[in-house]
Amino acid sequence: MATTTTKKATSKDFIELENKHGAHNYHPLPVVLAKGEGVHVWDVEGKKYYDFLSAYSAVNQGHCHPKIVNTLKEQAETLTLTSRAFFNDVLGPYEQFITRYFGFDKVLPMNTGAEAVETAIKIARKWGYEKKGVEENKGQIVVFDQNFHGRTTTIISFSSDGDAKRNFGPYTHGFIKVTYNDVDALREVFEDNDNIVGVLVEPIQGEAGVIVPSENFLDNIRKLCKENNALFMADEIQTGIGRTGSLLAVCGDCTCKGHCEKQSSYVTPDILILGKALSGGGYPVSAVLANDEVMEVITPGTHGSTFGGNPLGAKVAMTALEVIRDEKLTQNARKLGQIFRDRMEKLITKTDLVCLVRGKGLLNAVVINDHPSSSTAWDICVKLSENGLLAKPTHGNIIRFAPPLVMSEEQLHECCDIIEKTILNFKK
Ligand SMILES: *Cc1c(COP(=O)(O)O)cnc(C)c1O
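Remember, predicted model here, so these are calculated numbers, not experimental data.

**What to know about the overall build of the chain**
1) Next: Counting its secondary structure elements, the chain contains 14 helices and 15 strands.
2) Next: Scaling as 2.2 N^0.38, a compact globule of 428 residues should have a C-alpha radius of gyration of about 22 Å, and the chain matches this with 22 Å.
3) Next: Of all 428 residues assigned to the chain, the portion counted as buried reaches 53%.
4) Next: Contacts in the chain between residues at least 24 apart in sequence constitute 72% of all its contacts with a sequence separation of at least 6.
5) Next: In the chain, which carries 47 positive and 53 negative side-chain charges, the distance between the mean positions of the two groups comes to 4 Å.

Okay, structure coming up:
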């Protein structure tokens, strides 16, 4: 019998392959993952980690959730794609399911987050011209400083991030940028401007470093939009679907999704944008939800996507949303988030390296006490990975901690122990 001499590929080999053959559009931590289950991932050498990024909150339901995987397998063997040239027997039930789940009349299905944001922008503009009566090509959308809404040419046109924007012009017009969490500034842009068709906002700014606005910021956006006949557009691609301890971050402290007695605390957006955890990571699925008065501006031929609303994605999304509800992941995120922040507050009293913890539910960040251009946060993340926990710095000196929502309290404490040990032993 011939002996096998093929050497098993190592992490280093895979990193070299990516560096050689892939565009360098990301700067990953030097960890090569080969397997995931629940809150854990394993690298190619078999080392086990807690995942504290959750693919930027796409795997809220945990890696390879058995129910989601099962749905994916079953539907993949039945029917995957028809295009919207024909009806299919999954899309209608999915549309009914998701609109009831979030409390809107209609949904427009897409695939990636950026596509859903683009869709929302197009709907708002068309609504502005056809319903509000804004003169064509004069419509404006208010956005916020330090926003992150995706990577298309239009979306990066209103980005504050130089790398995301530089040398990708000419840019798309029609956006007004206002300081996040500054209600007065927002009120000012509405003064003497009848051309504003919508306000596009992240209820918590995730990529900017988990910036939580003050209590009534969203309420005020809602009010100003109402007073000025503009659409309140909530990008909940990262914050939605249980992540922040309520079904949507716009729900504030209410976990009922707007159908309970506390409905007043549910700041209903006119346009809700979802992605990421809408599929639990099994497949790219995004969606834009709105009521009839808004969504009816979309007519045949005005917008679409070959894969948007395909039966595979639609079926997966239904299961992903069922898992959130059946396993009470929203409630779990709320409970564990409080524990996490309490533990970090305690850690802050023991070290000068961490100066702040902030967040909601299981979308949290700690601010490292060093200059944003320093490598300290990155170096801490490398140490964390060596100690079995994966997290990624954002904006230089901020580390986001966002594990899958299926974590147990015991596991969370173990993770806080790892973070504490890593920080207290860290030497610059
Ligand atoms: C990730 C994200 C997007 C973009 O989603 P993609 O699927 O990467 O295109 C848009 N908005 C927010 C708030 C996000 O976090």
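**Concerning the site of the ligand**
1) Next: The environment of the ligand is formed by Thr 112, Gly 113, Ala 114, Phe 148, His 149, Gly 150, Glu 202, Asp 235, Ile 237, Gln 238 and Lys 276.
2) Next: Taking Ala 114, its main chain carries an N or O atom lying 2.8 Å from an oxygen atom of the ligand.
3) Next: Here a nitrogen atom of the ligand and a side-chain polar atom of Asp 235 are 2.7 Å apart.
4) Next: Protein chains bury 80% of the 390 Å² of accessible surface belonging to the ligand in isolation.
5) Next: The pocket occupied by the ligand, as judged from atoms lying within 2 Å of grid points, is the largest pocket.
6) Next: Looking at the shell around the ligand residue by residue, the classes come out as 3 nonpolar, 5 polar and 3 charged.

**So, the pairing of strand β4 (residues 106-110)**
1) Next: The buried count for β4 comes to 4 of 5 residues, which makes it a mostly enclosed element.
2) Next: Pairing between β4 and strand β10 (residues 286-290): 5 bridges, direction antiparallel. The residue of β10 that forms the bridge with Met 110 is Ser 286.

**Brief notes about the domain arrangement of the chain**
1) Next: Splitting the chain by domain gives domain 1 (11-61 + 329-424) and domain 2 (67-326).
2) Next: Averaged C-alpha coordinates put domain 1 and domain 2 at centres separated by 26 Å.
3) Next: Opposite the 27 residues of domain 1 that make contact, domain 2 presents 31 residues.
4) Next: Together, Gln 61, Lys 360 and Leu 363 form the three largest contributors to the area buried by domain 1 at its contact with domain 2, with a combined 27%.
5) Next: For Arg 400, the salt bridge goes to Glu 207, with nearest N and O atoms at 2.8 Å.
6) Next: Counting across the interface, domain 1 meets domain 2 through 17 residue pairs in polar contact (both at pLDDT 80 or more).
7) Next: Of all elements in the fold, only α2 (54-57), α12 (329-348), β11 (354-360), β12 (363-368) and β15 (398-401) reach the threshold of two or more residues within the side of domain 1 that touches domain 2.

Scoring rules and cut-offs
Residues numbered from 1 in each chain as written. Predicted model: local features only at pLDDT ≥ 70, side-chain atom pairs only at ≥ 80, totals over all residues. Heavy atoms only, no water. Helix = DSSP H or I, 4+ residues; strand = E, 2+ residues; numbered from the N terminus. Rg over C-alpha atoms; globule rule 2.2 N^0.38 Å. Buried < 20%, exposed > 50% of the residue type's maximum accessible area, 1.4 Å probe, protein only. Contact = heavy atoms within 4.5 Å. Lys, Arg positive; Asp, Glu negative; His and termini not counted. Charge placed at Lys NZ, Arg CZ, Asp CG, Glu CD. Near = heavy atom within 4 Å. Polar contact = N/O pair within 3.5 Å; in protein donor to acceptor, adjacent residues only side chain to side chain. Areas by Shrake-Rupley, 256 points an atom, 1.4 Å probe, with all protein chains shown as cover. 1 Å grid on protein atoms, 1.4 Å probe; cavity = no way out; pocket = protein on both sides within 12 Å on 5 of 7 lines; lining within 4 Å. Sits in = over half its atoms within 2 Å of the grid points. Nonpolar A, V, L, I, M, F, W, Y, C, P; charged D, E, K, R; others polar. Pairing = 2+ DSSP bridges. Domains from an automatic or database assignment. Buried area = accessible area lost by both parts, 1.4 Å probe. Salt bridge = Lys/Arg side-chain N within 4 Å of Asp/Glu carboxyl O.

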